[in-house]
Amino acid sequence: MAWDLFLWILSFFISLALIASVFYQVICLTDLEADYLNPFETSSRINRLVIPEFILQGSLCILFLLTWHWVFFLVALPVTCYHAMLYNERRYLIDVTEVFRGISFEKKFRFTKLGFYIFLFVMVVFRLTLSAVYSFTEDDDLLHLF
């Protein structure tokens, strides 16, 4: 049962990193819209985070698949497939010259991903709590045997 607790702790930190990454991207787009950043700074800051976000999301999905947590795998699979499609079509980076034209779409897209990652985070926190309680009560039962 310790491996299950380790899985949920790892999933907790990966989910937290995904939320922080997307939240930072939303802040960068909002700063661009308010004219606090120029398009080059915004696109370079967001593009720097896109590949690590894709890797974290894919590793989280594969982690759920390998540990046979089918519900979590099926929840994470559509976003992972969408990221893979964006990467294969080379549409995952924000273009400096086109950033103002698509800023409303990019913000809506990031807010949707933020909502998804928060939903996934709540599910992971719930399972982390259940796993921690179960592992601690299981250990207490073993102590009473001796």
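Residues numbered from 1 in each chain as written. Predicted model: local features only at pLDDT ≥ 70, side-chain atom pairs only at ≥ 80, totals over all residues. Heavy atoms only, no water.

1. Quick notes on the confidence of the model for the protein chain
Part 1 of the reasoning: Looking at the protein chain as a whole, its pLDDT mean stands at 90, while 94% of the residues score no less than 70.
Part 2 of the reasoning: Low pLDDT, under 50, characterises residues 142–146; the predicted model gives this stretch zero contacts beyond four residues in sequence or across chains. (pLDDT = per-residue confidence, 0-100. Contact = heavy atoms within 4.5 Å.)

2. A short note on the UniProt feature "transmembrane region" (unreviewed entry) in the protein chain
Part 1 of the reasoning: UniProt feature "transmembrane region" (unreviewed entry): in the numbering of this structure it lies at residues 5–27, 54–82 and 114–136.
Part 2 of the reasoning: Taken as a whole, residues 5–27 contains 100% helix and 0% strand, while its terminal C-alpha atoms sit 33 Å from one another.
Part 3 of the reasoning: Structurally, residues 54–82 is divided into 90% helix and 0% strand, and its ends, taken at the C-alpha atoms, are 10 Å apart. (UniProt positions renumbered as here; feature names shortened; annotations may be inferred. Helix = DSSP H or I, 4+ residues; strand = E, 2+ residues; numbered from the N terminus.)

3. Quick look at the side chain of glutamate 53
Part 1 of the reasoning: In this structure, glutamate 53 sits in helix H2 (residues 39–66).
Part 2 of the reasoning: Beyond its immediate stretch of four places on either side in the chain, glutamate 53 contacts Leu18, Ser21, Val22, Gln25, His83, Lys113 and Tyr117.

4. Let's talk about the pattern of salt bridges
Pairs can form between side chains of opposite charge once their charged atoms are near each other.
Part 1 of the reasoning: For the structure shown, the criterion picks out five salt bridges.
Part 2 of the reasoning: Among the ionic pairs, arginine 110 bridges to glutamate 106, the shortest N-O distance being 2.3 Å. Remark: glutamate 106 and arginine 110 occur in helix H4 (residues 103–145); sequence separation between them is four residues, near one turn of the helix. Neither residue differs from the other here; arginine 110 and glutamate 106 are each classed as buried. (Salt bridge = Lys/Arg side-chain N within 4 Å of Asp/Glu carboxyl O. Buried < 20%, exposed > 50% of the residue type's maximum accessible area, 1.4 Å probe, protein only.)

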